[in-house]
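# Observations on the model geometry
Here are the chains, one letter per residue:
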Amino acid sequence: MTKEERLKLQIAACKVRMGVIESTHGAKAGHPGGSLSAADMFTYLYNKEMRVDPTNPKWENRDRFVLSKGHTAPGLYSALAYRGFFPVEDLPTLRHIDSYLQGHPNMNTVPGVDMSTGSLGQGISCAAGMAKAAKYLHKDNVRVYALLGDGEIEEGEVWEAFLFAAKYKLDNLCVIIDLNGLQIDGPTSEVMPTDPVDAKMRDFGFRTVTIDGHDFAQIEDAFQYFHNQTGAPTAVLMNTTKGKGVSYMENQVGWHGKAPNDEEYKIAMDELNAQLAELEAQV
């Protein structure tokens, strides 16, 4: 990855984070913490990794993305908006009664959303089914990506889906797990420990790589690893900071599912605008 490519992605990710703050503030509700921790991954997926067409969201041969941790819809919506699937100006309508941008992704109303999700654990089952269908239909150029939370993998259904993916050798499936260490009730290590996740994924038949989820070069290497694998699904385990990019949200479990008030909104946007200005000055 060149310096210019990395800088372009960093600028895009900063804007995605701004969209998360705009939308949750506009809704006076939502889940900013996990949206911010995954913002760099959302950015890379939609700006570099996935084959998608914002002018034709239902393109049959597009890659598919399933946000299994559906409560982080603000992050997905922001990435989709800045990629051109719908107007960025609509982000503050999140969760409004007449808005198409509801609190969890809805494939029937939001351009670019491939699966309706919300009940934790179910999204990865859908993604595994999509990958199996692509194999059955001989669509070898279609890849399926699924993003899960580290709290979500406490769900038993997740591991059933992993067994399915390994059994059918779904090497067109890339499972991404956001290891930010916090869930709604507290640290994942205290609520229901799942470590060592890397060893478990390997035992369940996945080719596994662990990365810094805020380092675009490492994200790029992880997807290159995915592209080079055959005969088994891939798991990308990304270590992240919950609330990344907003100082008072970072590593604070209270920001799992709480919107910033007017004062907090201003602080967050001032910080992100300063980060954006610093990045754009390097262009």
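Presented here is an overview of the structure given in this document. (Residues numbered from 1 in each chain as written. Predicted model: local features only at pLDDT ≥ 70, side-chain atom pairs only at ≥ 80, totals over all residues. Heavy atoms only, no water.)

## Digging into the environment of Glu 154
As for its placement among the helices and strands, Glu 154 is situated in the loop between strand E2 (144–149) and helix H6 (156–167). C-alpha of Glu 154 to C-alpha of Gly 129: the two residues are 25 residues apart in sequence and 20 Å apart in space. The residues touching Glu 154, leaving out its near neighbours within four places in the chain, are Gln 183, Thr 188, Val 191, Met 192 and Thr 194. (Helix = DSSP H or I, 4+ residues; strand = E, 2+ residues; numbered from the N terminus. Contact = heavy atoms within 4.5 Å.)

## A word on the sheet that holds strand E1 (residues 64–67)
Sheet strands associate in pairs through backbone hydrogen bonding, adopting either a parallel or an antiparallel arrangement. If you walk across this open sheet you meet the five strands as E1-E2-E3-E7-E6, and the pairing is parallel. Bordering the open sheet on either side are E1 and strand E6 (207–212), each of which pairs with just one other strand. When the angles between neighbouring strand axes are averaged without regard to direction, this sheet yields 20°. One ladder, built from four bridges, connects E1 with E2; its direction is parallel. Across the sheet, residue Arg 64 finds its bridge partner in E2, namely Val 144. Contacts from helix H3 (residues 39–49) reach E1, E2, strand E3 (173–179) and strand E7 (234–239) within the one sheet, and its direction differs from that of E1 by about 170°. (Pairing = 2+ DSSP bridges. Axes fitted to C-alpha atoms, helices over the stretch in contact; angles between N-to-C directions.)

## Digging into the pairing of E7
Of all six residues in E7, five are buried; the element is thus mostly enclosed. Two strands pair when backbone bridges link them, and E6 and E7 are joined in this way by six bridges, in the parallel orientation. If you follow Arg 207 over to E7, its bridge partner there is Thr 234. (Buried < 20%, exposed > 50% of the residue type's maximum accessible area, 1.4 Å probe, protein only.)

## Focus: the pairing of E3
The element E3 is largely enclosed, with a buried count of seven among its seven residues. Of the two faces of E3, the one holding Leu 173, Val 175, Ile 177 and Leu 179 and the one holding Cys 174, Ile 176 and Asp 178 are both buried throughout. Pairing geometry for E2 and E3, over six bridges, is parallel. If you follow Val 144 over to E3, its bridge partner there is Leu 173. The parallel pair E2 and E3 is bridged by H6, and the resulting crossover is right-handed. The pairing of E3 with E7 spans six bridges and is parallel. The partner of Val 175 across the bridge, within E7, is Ala 235. (Right-handed = clockwise from strand over helix to strand, strands pointing away.)

## Considering the nonpolar core
Core analysis: the largest hydrophobic core is formed by 41 residues, its most contacted members being Leu 45, Tyr 46, Phe 65, Tyr 77, Phe 86, Ile 176 and Phe 223. The contacts of Tyr 77, once residues within four sequence positions are left out, are Phe 86, Leu 91, Leu 94, Leu 101, Gln 102, His 104, Pro 105, Asn 106, Val 110 and Val 113. The next biggest cluster of nonpolar side chains, apart from the first, holds 26 residues, and it includes Ala 127, Met 130, Leu 179 and Phe 206. (Core = buried A, V, L, I, M, F, W, Y, C linked by side-chain atoms within 4.5 Å.)

## A few points about H6
Taking 1.5 Å as the rise per residue, H6 with twelve residues should run 16 Å; its terminal C-alpha atoms sit 17 Å apart, in good agreement. Phi turns positive one or two residues past the end of H6, at Lys 169, with a value near 50°. (Expected span 1.5 Å × (residues − 1).)

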